[in-house]
Amino acid sequence: MSVPYETAAYEPAESPESPEEHLARLLGRALNSFELPDEVLGRLDCALAHDSSLHSAHHSAGLHRETYRHTWLLADGSAVTLWELVHNTAPGGEAQHELYTDDEELHAATARLPLPPETPDFELPVLLQLSAIPEPRHVYAPEDSADHARRLLRRAENPDRPDEELAALLATAAGHQITQAFGRPGRTVRAGLSYALYEHAFLLPDGREVSLWEVEHTATPDGRHMCEVYASEAAARGAMERRAARQA
């Protein structure tokens, strides 16, 4: 499987914090970041999106403690959660930040704080649903995007590739980004064959976003690589599943 292109990133103004930036900020302020397992931090290298929410809070006589849930969605569809404890119970009253990998560690750390035990926490409902995590915003490279669309469509070998109307629209593209889409065909693929799905996202001058979906595979009579291009992810994945069914 080959990754067809590399692009230089163009970061739009006032872009949201990326998953990597969010993790770096948490680790930079946590007093115990050195205690976090390398395995957990390594998994976060492939994070696609993140979400943070206040989980519980405790305020009493000038002292406070909050806990936050930080969750990252990974490329394989799984998720990793870190729990952040923030409190001002240390001498001097400065805010202290700690990170934990599970809620049991969090509860143990919370129990050690000098806060009145009779004051109950208030718990917020769990609002986070991984399916609701927004997809990360595209980061567009502004170089020769119209030519990139033309070359992509030219090498597509499937007869149901996008029509000339869409090609004409992409001839005005002002930026593009290529990312690999994760997930396998719904059926088993015979050993020795490879499938890869890429999203080619294009930014138009009026701010609209249009994506083409490229399927690279070796399910050909002579085993050579073949490129197919579709106007929607559903059409691309459907084509992958049909080929996988024929080759199973």
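1. What to know about the sheet that holds strand β6 (residues 175–181)
Alright, step 1. The strand order across the open sheet formed by four strands is β6-β7-β8-β9, and the pairing between neighbours is antiparallel. Here the strands that pair on one side only, and so sit at the sheet edges, are β6 and β9 (226–230). Neighbour-to-neighbour, the strand axes of the sheet open up by a mean angle of 25°, direction not taken into account.
Alright, step 2. By the bridge criterion, nine bridges tie strand β7 (residues 195–203) to strand β8 (residues 209–217) in an arrangement that is antiparallel. Along β8, the bridge assignment pairs E199 with W213.
Alright, step 3. This element, helix α4 (residues 145–155), spans β6, β7, β8 and β9 of the sheet and lies at about 145° to β7.

2. A closer look at the pairing of β6
Put simply, side chains in a regular strand alternate between the two faces of the sheet.
Alright, step 1. Within β6, five of the seven residues are buried, leaving the element largely enclosed by the surrounding structure.
Alright, step 2. Both β6 and β7 contribute to a ladder of seven bridges, which runs antiparallel. Within β7, the position partnered with Q177 by the bridge is A201.

3. Structural notes on the confidence of the model for the protein chain
Alright, step 1. For the protein chain, the mean per-residue pLDDT works out to 77, and 77% of the residues sit at or above 70.
Alright, step 2. The spread of mean pLDDT over the elements of the protein chain runs between strand β5 (residues 122–123), the lowest at 44, and strand β4 (residues 96–100), the highest at 93.
Alright, step 3. Within the model, pLDDT remains below 50 along residues 1–15, and this stretch shows 31 contacts once partners closer than five positions in the same chain are excluded.
Alright, step 4. Predicted confidence is poor over residues 118–136, with pLDDT under 50, and the contacts of this stretch with residues over four places away or in other chains come to 28 contacts.

4. Notes on the environment of H70
Alright, step 1. The topology assignment puts H70 in strand β2 (residues 63–74).
Alright, step 2. Taking relative accessible area as the criterion, H70 reaches 4% and is therefore assigned buried.
Alright, step 3. The sequence separation of H70 and L54 amounts to 16 residues, and the corresponding C-alpha distance is 8.9 Å.
Alright, step 4. What H70 contacts, discounting residues up to four positions off in sequence, is H22, L26, D51, S52, V80, T81, L82 and E84.

5. Some words on helix α3 (residues 103–111)
Alright, step 1. Among the residues making up α3, those that are buried are L106, A109 and T110. Along the long axis of α3, the arc covered by the buried residues comes to 100°, so they all point the same way. Those residues of α3 that are exposed and aimed more than 90 degrees away from the buried face are E104 and A111.
Alright, step 2. Where α3 is buried, its residues contact β2, β3 (79–87) and β4.
Alright, step 3. Where α3 begins, the capping side chain belongs to D102, and its oxygen is found 3.0 Å from the backbone nitrogen of E104.

6. Details of a negative patch on the surface
Alright, step 1. On the surface, E35, D103, E104 and E105 cluster together to form a negatively charged patch.
Alright, step 2. Along the polypeptide, E35 turns up in the loop between α1 (19–29) and α2 (38–43).
Alright, step 3. Look at E35 and you get exposed, because its relative accessible area is 55%.

7. What about the nonpolar core?
As a rule of thumb, soluble globular proteins bury nonpolar side chains together.
Alright, step 1. Judged by nonpolar contacts, the single largest core of 13 residues is most densely connected at L166, L170, F202, L204, V210, L212 and V229.
Alright, step 2. If you list the elements that add at least two residues to this core, you get α4, α5 (164–170), β8 and β9.
Alright, step 3. Sorting elements by how many residues they give to this core places α4 first, with three residues.
Alright, step 4. With residues up to four places along the chain from it excluded, the contact list for L166 reads V210, L212 and A231.

Rules and cut-offs
- Residues numbered from 1 in each chain as written.
- Predicted model: local features only at pLDDT ≥ 70, side-chain atom pairs only at ≥ 80, totals over all residues.
- Heavy atoms only, no water.
- Pairing = 2+ DSSP bridges.
- Helix = DSSP H or I, 4+ residues; strand = E, 2+ residues; numbered from the N terminus.
- Axes fitted to C-alpha atoms, helices over the stretch in contact; angles between N-to-C directions.
- Contact = heavy atoms within 4.5 Å.
- Buried < 20%, exposed > 50% of the residue type's maximum accessible area, 1.4 Å probe, protein only.
- pLDDT = per-residue confidence, 0-100.
- Arc of directions from axis to C-beta.
- Polar contact = N/O pair within 3.5 Å; in protein donor to acceptor, adjacent residues only side chain to side chain.
- Patch = residues over 30% accessible without salt bridge, like charges linked within 9 Å, V, L, I, M, F, W, Y side chains within 5 Å.
- Areas by Shrake-Rupley, 256 points an atom, 1.4 Å probe, with all protein chains shown as cover.
- Salt bridge = Lys/Arg side-chain N within 4 Å of Asp/Glu carboxyl O.
- Lys, Arg positive; Asp, Glu negative; His and termini not counted.
- Charge placed at Lys NZ, Arg CZ, Asp CG, Glu CD.
- Core = buried A, V, L, I, M, F, W, Y, C linked by side-chain atoms within 4.5 Å.

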